[in-house]
Amino acid sequence: MNTSTPALITPELARSLMPRRADDAHKGSFGRALIIAGSRQYTGAAKLALQAASRSGAGLVFAAIPEPLHAPLAASLSEPIWLILPTRNGAIAAEAGKIIPTILADKDAVLVGPGLSQTEGTRAFLLTLLEHLRGEAPKLPLAVDADALNLLSKEPDWHKLLLPECAVLTPHEMEFSRLTGLPLSEIHSNREELATRYAQEWQQTLILKGAHTLVCSPQGECRLLPFANSVLAHGGTGDVLAGLVVGLLAQGLLPFDAASLAVWLHARAAELAMQAVGHPASTLPSDILAHIGASMRSL
């Protein structure tokens, strides 16, 4: 059991992790991020994650989305490259698994989960995706968020479906409860020890979201975000964080470092957004997106 005090995620640490950007670089220099997200009910989750990945500095952002989402999202987002997936009842259908090799080709990092829904077809697609990654792309970094976590939590020995040390898991406490089978009360009272233990047991980088978010590595390291902000108590802020994670992974950061930097940039952008808007209750995830650049500049 790891009982050491978590290291703080400080501006100095965040600054040391920021990807460098040479003036003579091109879009291929900063990675190709793939985001598999969205359903008819949760179109906004895909939009927020895609915008965050674009603002993270990733050179190219690809959106693998259910077909009904293409028209509204393409009308409002100019940057992503669209990969259209077959659907059933407004969510990704199981037969979308047939084109997984195509959508994964030449990608540098993948995010799966924001707004995905939990239909049987989506579950089948997710399991096919993970099987393909294990067999054909064992080194491809993967961020697993939201409904992908909820779907995994229903699978026996779910963590064995992931390749060791390749994924970043992004649960809040309720999702962490589903993944571990532990009651919320136990998690809330023992966050650091449990997050560190399960990151090691699952052999993945773990972001346990909440006030003073924790980032834990498969090796037992733990980092703590030293400030909390009720701005982040809005639906959609987790989608922004997930988009930042995959964008930083695509730029070549290791999972533990990508997670740590994303958590800091996300929280700092939330603080700056609150200052601009005037009150945390009225500061929305879209406001956080608009302040990611200022968060980076503050480093």
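Given the structure is predicted, the values throughout are model-derived calculations rather than measurements. (Residues numbered from 1 in each chain as written. Predicted model: local features only at pLDDT ≥ 70, side-chain atom pairs only at ≥ 80, totals over all residues. Heavy atoms only, no water.)

Looking at the pattern of salt bridges
Under the convention used in this document: Any Lys or Arg side-chain nitrogen found within 4 Å of a carboxyl oxygen on Asp or Glu counts as a salt bridge. Labels follow the DSSP assignment, with helices taken as runs of H or I lasting at least four residues and strands as runs of E lasting at least two, numbered in each case from the N terminus. Type-normalised accessible area, obtained with a 1.4 Å probe on protein chains alone, sets the label of each residue: buried when under 20%, exposed when over 50%, and partly exposed for intermediate values.
For the coordinates displayed, the defined rule picks out eight salt bridges. We note a salt bridge from arginine 123 to glutamate 120, for which the minimum N-O separation is 2.9 Å. Of this pair, arginine 123 and glutamate 120 both sit in helix H5 (residues 120–136), separated by three residues, roughly a single helical turn. Two residues, aspartate 145 and lysine 209, come together in a salt bridge whose shortest N-O distance is 3.8 Å. Taken together, the residues aspartate 145 in the loop between strand S8 (142–144) and helix H6 (146–152) and lysine 209 in the loop between strand S10 (205–208) and strand S11 (214–216) connect sequence positions 64 residues apart. We classify lysine 209 as buried; its relative accessible area is 14%. Counted as one network, the salt bridges with shared partners bring together Glu120, Arg123 and Glu155.

Re the sheet that holds S11
The condition is simple: Pairing between two strands requires that DSSP report at least two bridges joining them. Contacts are assigned to residue pairs with any non-hydrogen atoms lying within 4.5 Å of each other. Every axis corresponds to a line fitted to the C-alpha atoms, with the helix fit spanning only the stretch in contact, and the corresponding angles, defined between N-to-C directions, vary from 0 to 180 degrees.
What the ten strands build is an open sheet, ordered S1-S12-S11-S10-S9-S8-S7-S2-S3-S4; its pairing is mixed. Both outer strands of the open sheet, strand S1 (7–8) and strand S4 (81–85), are each paired with one neighbouring strand and no more. Bridge analysis of strand S3 (residues 60–66) against S4 gives five bridges, and the strand direction is parallel. Within the sheet, the bridge partner assigned to isoleucine 65 lies in S4 and is isoleucine 84. Strands in contact with helix H10 (residues 237–250) are strand S2 (32–36), strand S7 (109–112), S8, strand S9 (167–169) and S10; relative to S7, the strand with the most contacts, it is inclined by about 165°.

Structural notes on the side chain of lysine 209
The condition that has to hold: Pairing of N or O atoms within 3.5 Å defines a polar contact, subject to two protein rules: one partner must be a possible hydrogen donor and the other a possible acceptor, and residues neighboring in sequence count only if both atoms are side-chain atoms.
Within polar-contact distance, the side chain of lysine 209 engages the backbone oxygen of threonine 170 at 3.2 Å. When residues no more than four places from it in sequence are discounted, the contact partners of lysine 209 are Asp145, Thr170, Pro171, His172, Glu173, Arg191, Gly238 and Leu241.

Looking at the packing of helix H7 (residues 173–180) against helix H9 (residues 191–202)
Quick reminder of the rule: Roughly parallel covers angles under 35 degrees, roughly antiparallel covers those over 145, roughly perpendicular covers 65 to 115, and oblique covers all other angles. Helix crossings get a hand from a simple test, with the near helix turned counterclockwise from the far one by less than a right angle marking a left-handed crossing and a clockwise turn marking a right-handed one. As a working rule, the residues Ala, Val, Leu, Ile, Met, Phe, Trp, Tyr, Cys and Pro are called nonpolar, Asp, Glu, Lys and Arg charged, and the rest polar, with Gly in that last group.
At a minimum axis separation of 12 Å, H7 and H9 run at an interaxial angle of 50°. Compared by their axis directions, H7 and H9 come out oblique. The chirality of how H7 crosses H9 is left-handed. Residues Glu173, Phe176, Leu179 and Thr180 of H7 form the contact with H9, whose own contacting residues are Arg191, Leu194, Ala195, Tyr198 and Trp202. A breakdown of the residues in the contact of H7 with H9 according to their chemical character gives six nonpolar, one polar and two charged.

Geometric values such as these leave the question of function open.
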